[in-house]
Structures are given as structure tokens and as C-alpha cells.
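Residue strings, one per chain:
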Amino acid sequence: MSSSLFITIVVCLIVITVVVLATTRHTKVLKKHLIESERTRKRTRNSLDHLMRHSSDFLFKYNRAGEVISASPNVRRLLGFPLKEPVPIRNIVTNSPVNHQLYKHMRQVFETGRVRNEPYFIEIKDSWDNKHILEVFEVVNKNSEGYIKNVTGIARDVTDQYNAELELKQSENKQLTIIKALPDAIFTIDREIRYVDYTVQNEEELWFKPSHFIGKKVADVVPEPMGSIFTAYIEKVFETGELQRIEYSFRQKGQEQFYEGRIIKLDEQYVMVISRPITAQKQVEVELRKAAKAAESAAQAKSNFLATMSHEIRTPMNGVIGMTNLLAETELTEDQKEYVETIKASGETLLRIINDILDYSKIESGKLQVDESVLSLKKLVDDSASLIMYEAKRKNLAINTIFEEDTPEFVISDRGRLRQILLNLLSNAVKFTESGGVTVFVSSESQSDKSIILNFKVQDTGIGIPQDKLNFLFKEFSQADSSHTRKFGGTGLGLAIVKNLVKLLNGKVSVESQVGVGSEFSFTVVARMVNESNLRVIRSKAGEEENEDKKDWVISQNYPLKVLVAEDNTINSKLTSIFLERMGLSADFAISGEEVVSMCREANYDVVLMDVAMPGMDGYEATQVLKQAGSEAAPYIIGVSANAFKEDIKRALDLGMDDYLSKPIKFEELREKMIVAGQKKFPVVP
């Protein structure tokens, strides 16, 4: 073997050795890399599995047959089944419209090899039949030859978000439906006060065209001065964010059309203007104002009529009752006394009917008011009973009053209204009772230091009331027997007035009755208690009044008053003259306002008894003339009228009268008024 061949073999061996060594080293490196890659893959897989187990997202694969062939382990937790074996997608998805394009989409993916860049949505059901909306992203899996083996989907459960968006959309659709159904025109206006959008019904039927407004400024569309006013309101809404209302009108085809505008801030860039037509409403308001004015005129006419009738009836009644009282004080035979008592009772009955009608009128108009004062309950009941005593004696009926021990002696309430309630109930009781008697019970239902609920019962042994008539008793013009042949008269207003008066005094009224046995009317009122210090003063005064000589009517010694009587009715003048003579006073007489003014200028009268309703210049005008003269010696004017309304008394006092008397005049009331006038004129007299 030659040396050159040997060297060549050695070199080849060395090269082979080097190559083997290099290959071995590279193989080790590759093996190491493979091992590391496998470890990395396992860690990634484990991390992915861990992530998927704790995520609401999951992975799945489906094949050409439309079967889910695998899924991440967390599918069991999310959907209730593991999907370890192929499951047809049709067994999982629902019939929701969301899935209508699903199968077509799957076929296109396998045919084209392309998937969407954006997700798509499907609805599936879990093993508990709960429905889920899934947001799905897809990746195509191909083999080395480019053949699509399957598709990997990454699914996210967006059910809550989907439902929220669906509800929002449904709500928006409802709102849009409501807005479209509104008869109002709705405009959106931007920061530059330009129209940018609108919603309106039947634009073609409108006299204005909102579609022509878009892009224009409000001031260019709305005529002045409303354009500037609207602009100012819109700017204010942008500035303050507060809702603004504005009423405006346009004249169209000779008729004025009214609108109400509401301006609402939507955000920093836009406001909404809701324009509502209110022409019909305005027309109704005009008609209502006309109706109200007509009603006021009718009420005033009614009030004037009642005032006139009150005057015309009370004026002669003043003479009848006054003269009857005077006649009763003269020497009479027994028969004559009976005749006088009959006249007196008839007159008082007629007066009560007049009062009922006037009171009902005041109740209707809401002009009835409470006039509180300290009153003795016993005196109130006794006085009320005394007014029906004559009729009771004529029928041989017993009148009894019973006070429970816990009933206070004095309370604060409306004496006149309480007396009126009792008198109505007592009159009815006597009217409908032929034998036996009538009893008044007074008790305290409950009381505190400041107030008391008083309970009154008026019990009779009369004819009784059928049960089917009880519900109608307290209605106006209603009677248990309303036939033309009824035995008992009356207006049918008494109990209706009782009900309203009791309500005015914060109480309630009720009735119990049995035909042939009798009736019991009960009512409560709320009164105020009288404190102890006031009680001592009241009892002291009551004692003084009892000791006073009732026949000591003369006041002229202490109060030598010069009196002028202004009265156009001769009988009333005579009656007033007799009353004054009993007081030791004389009087001059005038029959008109002009005569009163003339006589007062010629002589200094201390007191003028001024009839308010005289021919020519009436008492109101005469009073104004006398008071406007500014003389310190102006007479003390006592208004005398048949009008018993509180507003009439207020008017008289506002016009300058010093006091007021309602007809029929009672001697005691006139005497009290004259004493007050005397104390004003002669203040040093005790």
C-alpha cells in the first residue's frame, strides 16, 4: 500500500469521524429541543386547559358532517354534557331565527376554506333546557395537502349581554312606536339652534311642513317676535338643563292656532322640542270661563233674589211677631192668650221656614261659617226646648232634658248653629209625636284638656219612620211621606240643613227608628273646652244676670240718646218706637236716605237706626254720606235689615255702619245695641 493511499484513508476516516461526531451532537441538540418543545407544548396545553376550565369561553371542533367532534373540558360545566363523542349540531342548537343561516355558513366554510373576520352568533340549549347565545370566532384546520379536516370554533357565552341589548332595542322600539303615535310634533335642535331631526304624524295634512325646517335656524322658521323668544328659551335649556314650557300661537286661515312647547335637554349638543296643539283646550277654557261667569251671574242673581225676598218677607214678619209679643204682655183673657200664642207660634214657624230656605242657600254657596263663643249647654238646650213648648203643651207632650254627669257646664262652639240643629230636630219630634213625649240627652263622648266631642240625642215616641225611608231623610226636599195628602207639612229642608250644620261643626248625624214606637236622632259635634279662669268669670256674670231685674228696661237715665229711626214701613216704625219708649227713649222718623242725611245735618243725633233697603237713597248710601262728612259728631249707625247673610253684615260694617240688627227685631237685642251706643257716646257712665 502506498503512503498516499494510506494518507487518503486516514483523512477520510477523520472526516467521517468529524461528521459522525457533528451529527451526533446535532442530534442531541435536536432531541433536546424536541423534548423542550414537548414540555412547552404540554405547559401551554395545561395552561390552556386550566384557563378554559375557569373561563366562560370554550373550544370546539366540527367536521363536514356538521358534527361537534371535540370540545374543551369546561363544556361539561357550562352546558352539562362532555361532548366526548361526535354530536350533531342540530341536536344542540335551537329553532331560533338566530340560527337560520348556520348550516349554510358551515357548508360555505368547507367549500371555500374561508371564515369571517367578525364573529357570528348562534343559540344553543344546554342539558337543563336553558338557552344560551354564543359569540363564535372560527379557524380552519387543513392538512399538509390543503384539505380542510375540520373547523375550530372559539365560543363565548354572551346571553346576558344579548338579552340586555335585545331589551334595550325592544324598549327603543316601544318608545319609537309611542313617539310616532303621539299627535305632537317633535323636533331635535342643535347648539346652533338649527333643526336637525323631527317626528310628526301625517305631515301632508299639516299647514306647516317640518321637513322644510331641517338645517334652518329656529329664528328663520318661526316669525318674530316668537322666533327670538323661542331662541332664548332654547339657550336657557342648554345653559341650565331645566325643562322649559312656552305657549304660543299662529294665525292660519283666519283662525288662531294655539300650541304648548316643551323644551328638554338631551345632552350638551341637542335639545328636544315637543310641540302640542292646544287649540281645542283653549276653546274649552274659554267656554268654561263663560260658563263660570254665567254661573257667577246666576249665583249673584239668586243671592239678590233671596236678599230681596228675605227683606220683603221678614219686614212684615217683624211687625207681626213684634206686635204679637207686645200684645202678649197686655191684660188678656184666657181665650185671647190662646189666640195670641197661636199667632206667635205660626209666625215663628213661618220664620223658621224662611230661615231654612236662606240657610240652605248659604250651604249651597259654601258661605256658611262657624261663629264660636262661650255657651252654656243647659241654657242652649232649655232655650231650644222653650221654642217648641207651646206646640208640645197643645198636644200634652212631655219635654225632658237629661245631662250626663261628665257633661261640662260651658263649652266653646257656635251657639246659633247648635241651637238651629236642636230646634230642627225638636220641631220634627214634636210634629210627628201625638202622645208621650220628647227627650233630649246630652253627654260627653270623649274629651281632653282642649277639646270635647259632645253627643246629643233627641228621642221621641212618635209615629216612627219605615226602614226603607231612612236613607232619604237627610236629602234636600225629601220627606218620609211626600204625597200631596200628607198629614205633616214642611219644606223637606230641615234634616238636610241639620246634616250640613253638623258636618260644619266636625260631627256626624244618624237616626234609628221603628214604626209605631218612635225615633232617635243622634249627632256629635267637636267643641273646645273652657279653661278654669274663664269659667269663674262666666259664672260670675251669669249670677249677675240672674239677679238683674228683668223689668228694668229703662236706659235713658244713663244714656239720654237722641235717636233717629230710618224706616219706610209704618208698622215696623211703630214697633221700634214702642221698644224705644220702653227704654225711656223717644225718636224722630225718616222714610228715605235723603231725609236721613237732611235731618242729620239739621240736628245732632246720637244714634241712627238705619234700614238698609229704603226707596231712593238706601241705607248704605246714606251711611257713606254721613261718615264721609268727617264730623266727629257723626251718629252711631246701627244697620237694620231683613238680610241675615254674613256678607251683608260685612258689607254694612265695611261701608261705615257701627253695628247691625237682623229682622225681626227682638227687644233684648235692640236694648243691648242701644247700651253699646250709649257707652260710646257717654264713656264716663258706668
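Preceding this paragraph is the structure being described.
Residues numbered from 1 in each chain as written. Predicted model: local features only at pLDDT ≥ 70, side-chain atom pairs only at ≥ 80, totals over all residues. Heavy atoms only, no water.

In this structure, what is going on with the overall build of the protein chain? I would like to understand it.
Of the regular secondary structure elements, the protein chain holds 18 helices and 23 strands. In the protein chain, which comprises 686 residues, the proportion classed as buried is 38%. Taking as baseline every contact in the protein chain between residues at least 6 positions apart, the subset at least 24 positions apart corresponds to 60%. Element-wise, carbon and sulfur atoms account for 53% of the exposed surface of the protein chain, whose accessible area totals about 40,900 Å². (Helix = DSSP H or I, 4+ residues; strand = E, 2+ residues; numbered from the N terminus. Buried < 20%, exposed > 50% of the residue type's maximum accessible area, 1.4 Å probe, protein only. Contact = heavy atoms within 4.5 Å. Areas by Shrake-Rupley, 256 points an atom, 1.4 Å probe, with all protein chains shown as cover.)

Looking at this structure, I do not really get unusual backbone geometry. What am I missing?
Among all residues except glycine, the phi angle is most often negative; among peptide bonds, the trans geometry is most common. Positive phi is not limited to glycine here, since Asp129 has a value of about 65°. Tracing the sequence through the fold places Asp129 in the loop between β4 (120–125) and β5 (131–142). Given the relative accessible area of 58%, Asp129 is considered exposed. Non-glycine residue Ile193 carries a positive phi angle of around 60°. Here Ile193 shows up in the loop between β7 (185–190) and β8 (195–199). For Ile193, a relative accessible area of 8% puts it in the buried group.

How do you make sense of the nonpolar core when you look at a structure like this?
A general feature of soluble globular proteins is that nonpolar side chains tend to end up buried together. Grouped together as the largest cluster of nonpolar side chains are 42 residues, with contacts concentrated most on Phe456 and Phe523. Those elements that provide at least two residues to this core are α9 (377–387), α11 (415–431), β15 (437–447), β16 (451–460), α12 (494–504), β17 (509–514) and β18 (518–529). The element best represented in this core is α11, accounting for 8 residues. In contact with Phe523, other than residues within four places in its own chain, are Leu418, Ile421, Leu422, Leu425, Leu454, Asn455, Phe456, Val502, Lys508 and Val509. Formed by 24 residues, the second largest nonpolar core is a distinct cluster that contains Met106, Phe110, Leu134 and Ile148. (Core = buried A, V, L, I, M, F, W, Y, C linked by side-chain atoms within 4.5 Å.)

Looking at this structure, how should I read the packing of aromatic side chains?
Two measures describe an aromatic ring pair: the distance that separates the ring centres and the angle between the ring planes. Per the stated rule, a full pass over the model turns up 9 aromatic pairs. Between Phe60 and Tyr62 the ring centres are 6.3 Å apart and the planes differ by 25°, which places this aromatic pair in the stacked class. Note on accessibility: Phe60 and Tyr62 belong to one class, buried. Summarising the aromatic geometry, the rings of Phe579 and Phe667 are spaced 5.6 Å apart at their centres and angled 65° between planes, so their arrangement reads as edge-to-face. Remark: Phe667 occurs in helix α18 (residues 667–681) and Phe579 occurs in helix α14 (residues 570–582); sequence separation between them is 88 residues. Residues Phe579 and Phe667 agree in their burial class; the two are buried. Through pairs of rings, three or more aromatic residues link up here, namely Phe58, Phe60, Tyr62 and Phe110. (Phe/Tyr/Trp six-rings, centres within 6.5 Å; stacked < 30°, edge-to-face > 60°.)

I tried to follow the pattern of salt bridges on my own but got confused; where do I start?
Tallied over the full model, the rule gives 17 salt bridges. Among the salt bridges present, the one from Glu391 reaches Arg394, with a minimum N-O distance of 2.4 Å. With Glu391 and Arg394 both in helix α10 (residues 389–394) and 3 residues apart, this pair spans about one turn of that helix. Among the residues examined, Glu391 registers a relative accessible area of 28% and is labelled partly exposed. Shared partners join several salt bridges into a network, and the residues in it are Arg191, Lys265 and Glu268. (Salt bridge = Lys/Arg side-chain N within 4 Å of Asp/Glu carboxyl O.)

For this particular structure, what's the right way to read the sheet that holds strand β19 (residues 563–566)?
Two orientations exist for strands paired in a sheet by backbone hydrogen bonds: parallel and antiparallel. Ordered in space as β20-β19-β21-β22-β23, the 5 strands form an open sheet in which the pairing is parallel. Strands at the two margins of the open sheet, each flanked by one partner only, are β20 (587–590) and β23 (659–662). Each strand of the sheet is rotated relative to its neighbour by a mean of 20°, with strand direction disregarded. The pairing of strand β22 (residues 636–641) with β23 spans 4 bridges and is classified as parallel. Across the sheet, Val640 pairs through a bridge with Leu661, a residue of β23. Against the sheet, helix α15 (residues 593–602) touches β19, β20 and β21 (607–611), its axis set at about 140° to β20. (Pairing = 2+ DSSP bridges. Axes fitted to C-alpha atoms, helices over the stretch in contact; angles between N-to-C directions.)

What should I look at first to understand the sheet that holds strand β3 (residues 87–88) in this one?
Taken together, 6 strands build an open sheet; the order of strands is β3-β2-β1-β6-β5-β4 and the sheet is antiparallel. For this open sheet the edge positions go to β3 and β4, each flanked by a neighbour on one side alone. Where helix α3 (residues 102–112) meets the sheet, its contacts fall on β1 (57–62), β4, β5 and β6 (148–157), and the angle it forms with β6 comes to roughly 140°.

Sorry if this is basic, but what is going on with the pairing of β15 here?
Residues in a regular strand project their side chains so that they alternate between the two faces of the sheet. Note that strand β13 (residues 398–403) and β15 share 6 bridges and pair parallel. Following the sheet pairing, Phe403 is matched in β15 by Val442. Direction of pairing for β15 relative to β16: antiparallel, over a ladder of 9 bridges. By the bridge assignment, Val440 is partnered in β16 with Val458.

Where do I start with empty space enclosed by the protein in this structure?
A water-sized probe rolled over the atoms picks out the places where empty space is left. Tallied over the entire structure, the rule returns 2 cavities of 30 Å³ or more. Reported here for the largest cavity is a volume of approximately 160 Å³. Along its surface, the largest cavity is lined by 15 residues, and Phe60, Val68, Ile92, Ile122 and Ile124 are the ones closest to its centre. Taken together, the residues of the lining of the largest cavity sort by class into 15 nonpolar, no polar and no charged. Contributing to the lining of the second largest cavity are 12 residues, with Val565, Glu567, Thr576, Val640 and Ile665 lying nearest its centre. Elements that contribute at least two residues to the lining of the second largest cavity include exactly β19, α14 and β21. When grouped by side-chain class, the residues that make up the lining of the second largest cavity number 6 nonpolar, 3 polar and 3 charged. (1 Å grid on protein atoms, 1.4 Å probe; cavity = no way out; pocket = protein on both sides within 12 Å on 5 of 7 lines; lining within 4 Å. Points joined across faces, edges and corners; volume = space filled by probe spheres on them. Nonpolar A, V, L, I, M, F, W, Y, C, P; charged D, E, K, R; others polar.)

Before we go on, may I ask you to explain the pairing of β22 in this structure?
The element β22 is extensively covered by neighbouring structure, given that 6 of its 6 residues are classed as buried. A two-sided burial pattern is seen for β22, the buried positions comprising Tyr636, Ile638 and Val640 on one face and Ile637, Gly639 and Ser641 on the other. Alignment of β21 against β22, held across 5 bridges, turns out to be parallel. In the sheet register, Val607 faces β22, and the bridge partner there is Tyr636.

What's the story with α14 in this structure? I'm lost.
Working note: α-helix, 3.6 residues per turn, so residues spaced by three or four point in the same direction. The first and last C-alpha atoms of α14 sit 19 Å apart over 13 residues, in line with the 18 Å expected at 1.5 Å per residue. Turning to α14, its buried residues are Asn572, Ser573, Leu575, Thr576, Ser577, Phe579 and Leu580. Backbone nitrogen of Asn572 and a side-chain oxygen of the N-cap are separated by 3.0 Å at the start of α14; the cap is Asn569. Gly584, located one to two residues past α14, shows a positive phi value of around 85°. (Expected span 1.5 Å × (residues − 1). Polar contact = N/O pair within 3.5 Å; in protein donor to acceptor, adjacent residues only side chain to side chain.)

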